[in-house]
Amino acid sequence: MATVEQFDDFDITAICDADPARVEAWQQRVGGRGFTRHTDLLEAPPDVVVVALPHALHGVVSVEAMGAGCHVIVEKPMATTVEDLRSMLKTARDRRRALIVSETGSFEPGVVETGRRYARGDLGRFLTGSSINARRYFNSDRPQWFLDSQASGGGMFGNVGLHRLANARGCLPGAIPASVTAAVAHVPEHAVEACTSALVRYRDGGSMLYEEVGYFERPPWLNGGRHFIFEKGMVSWDDTTWRMMPRDGAEITRDLPPAETTYASVYRNLLLAIDGQPCAPETRELAQDAAIAQAAYESGRTGRDVDLGSEDWRIES
Ligand SMILES: NC(=O)c1ccc[n+]([C@@H]2O[C@H](COP(=O)([O-])OP(=O)(O)OC[C@H]3O[C@@H](n4cnc5c(N)ncnc54)[C@H](O)[C@@H]3O)[C@@H](O)[C@H]2O)c1
């Protein structure tokens, strides 16, 4: 809800949380009607519902909200099953409702710069890339449901790993993920994983390797970050500078614009979608990200490649 408060285009008219104390705290802060059951809130449906719940509830609550006539902005991950993802996309289409996922990873300035150059053909073919996120996932202020694989739909990769999948999607517009192979490691003290290595292959070639590691604090000497290797050079960036090392060794650097207010991009897309205009990324692409995370868990369980184009995994356009 804190994200909505930032934007003048929206008024908060109602709050729902299963915990009455949280409802009361929010009402004191922003006013509005208060509910502990979302079905009661939907009896007088607001224009837009923000769904920010334990992940396994994202699908069903979003579908019910759209069914009641609301546009929906849903937190990442969009849902935890392919069935829910399909049902959300179908309901949005059938009911002509806007459905936007609150994920900003494809709007980061370095990602946008890479994506623009890739789409123009400046970088040539995408060959390979790598993204490593190391941090302590099991921090003490994390709500307990994140550590329940049923409620959260998995662990670190299915949650914050989505940001890295969104980075790659933004860097590689039009690239179609074809398959996922993953290894998922657990330690006895935690029910959900915080160590996943996943390889995503693209239909036209190229692959991305993801490592999400959350059992330790990240020491300063551990290499992290991400890079993308294209036919014409290696690319990476930080908050201020985009860099490319072409084959001739003459490094190219570009200053990056400051990042927008967090979530501004997401709420702009919501307004566009409500207006019936196209927005990028399409929600189907975010559904694909969520499916990739679940496919990684499936691959980890079975030890097999998951074909994202197969009947069980396909996200229709
Ligand atoms: N985009 C981001 O960078 C980002 C950052 C933080 C959190 N999130 C996402 O936001 C969502 C919420 O995360 P959080 O950290 O605020 O968790 P949280 O546990 O603080 O909030 C979830 C709330 O849902 C309530 N709830 C549970 N079941 C309910 C039900 N059936 N009906 C109504 N309320 C119910 C709980 O009482 C709780 O207050 C998650 O999807 C999380 O991944 C995204």
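Since the model is a prediction, treat every value here as computed from it, not as a measurement. (Residues numbered from 1 in each chain as written. Predicted model: local features only at pLDDT ≥ 70, side-chain atom pairs only at ≥ 80, totals over all residues. Heavy atoms only, no water.)

(A) Looking closely at the sheet that holds strand β14 (residues 306-307). In space, the nine strands of this open sheet follow the order β13-β12-β11-β10-β6-β9-β8-β7-β14, with mixed pairing throughout. Of all the strands in the sheet, just β13 (252-255) and β14 have a single pairing partner and so form its edges. Note: strand β10 (residues 225-230) against strand β11 (residues 233-237), three bridges, orientation antiparallel. Across the sheet, residue Phe230 finds its bridge partner in β11, namely Gly233. Strand contacts of helix α11 (residues 283-302): β7 (177-185), β8 (195-202) and β14, with the helix running at about 50° to β7, the strand carrying the most contacts. (Pairing = 2+ DSSP bridges. Helix = DSSP H or I, 4+ residues; strand = E, 2+ residues; numbered from the N terminus. Contact = heavy atoms within 4.5 Å. Axes fitted to C-alpha atoms, helices over the stretch in contact; angles between N-to-C directions.)

(B) Inspection of the domain arrangement of the chain at higher detail. Domain annotation for the chain reports domain 1 (2-102) and domain 2 (105-261 + 280-307). Here the C-alpha centroids of domain 1 and domain 2 sit 27 Å apart. Between domain 1 and domain 2, the residue contacts involve 16 residues of the former and 18 residues of the latter. Interface area for domain 1 against domain 2, summed over the two sides, is near 1,300 Å², with a carbon-plus-sulfur share of 71%. Interface area lost by domain 1 to domain 2 is led by His55, Lys76 and Thr80, which between them contribute 33%. One can count zero salt bridges joining domain 1 with domain 2. Elements that contribute at least two residues to the side of domain 1 that touches domain 2 include exactly α5 (82-95) and β5 (99-102). Each residue belonging to the side of domain 1 that touches domain 2 can be placed in one class, and the counts come to twelve nonpolar, three polar and one charged. (Domains from an automatic or database assignment. Buried area = accessible area lost by both parts, 1.4 Å probe. Salt bridge = Lys/Arg side-chain N within 4 Å of Asp/Glu carboxyl O. Nonpolar A, V, L, I, M, F, W, Y, C, P; charged D, E, K, R; others polar.)

(C) Highlighting empty space enclosed by the protein. Under the criterion given, the structure shown has one cavity of 30 Å³ or more. The computed volume of the largest cavity comes to approximately 50 Å³. Elements with a contribution of two residues or more to the lining of the largest cavity: β5, α10 (264-274) and α11. Grouping the amino acids of the lining of the largest cavity by side-chain chemistry returns six nonpolar, two polar and one charged. (1 Å grid on protein atoms, 1.4 Å probe; cavity = no way out; pocket = protein on both sides within 12 Å on 5 of 7 lines; lining within 4 Å. Points joined across faces, edges and corners; volume = space filled by probe spheres on them.)

(D) Inspection of the nonpolar core at higher detail. Ranked by internal contacts, the top residues of the largest apolar core, which has 57 residues, are Met78 and Phe228. When residues of this core are assigned to their parent elements, the largest contribution, nine residues, is made by α11. A domain split of this core shows at least three residues from each of domain 1 (2-102) and domain 2 (105-261 + 280-307). Apart from residues lying up to four places away in sequence, Met78 is in contact with His58, Gly59, Leu85, Met88, Leu89, Leu99, Val101, Thr283, Leu286, Ala287 and Ala290. Counting 15 residues, the second largest nonpolar core, distinct from the first, contains Ile73, Ala98, Ile100 and Ala273. (Core = buried A, V, L, I, M, F, W, Y, C linked by side-chain atoms within 4.5 Å. Buried < 20%, exposed > 50% of the residue type's maximum accessible area, 1.4 Å probe, protein only.)

(E) The arrangement of the pairing of β7 in detail. In this structure, β7 lies alongside β8, joined through eight bridges in antiparallel fashion. Along β8, the bridge assignment pairs Pro177 with Tyr202. Two strands pair when backbone bridges link them, and β7 and β14 are joined in this way by two bridges, in the antiparallel orientation. Looking at β14, one finds that Val180 is bridged to Val306.

(F) Just the environment of Pro77, in detail. Tracing the chain through its elements places Pro77 in the loop between β4 (71-75) and α5. Separated by 23 residues in the primary sequence, Pro77 and Pro54 have C-alpha atoms spaced 9.7 Å apart.

(G) Summary view of the packing of helix α6 (residues 109-120) against helix α9 (residues 161-171). At their nearest, the axes of α6 and α9 sit 7 Å apart, and the two run at 35° to each other. Taking contact as the criterion, the partners of Val111, Thr114, Gly115 and Tyr118 in α6 are, on α9, Asn167, Gly170 and Cys171. Residue composition of the contact of α6 with α9, by class: three nonpolar, four polar and no charged.

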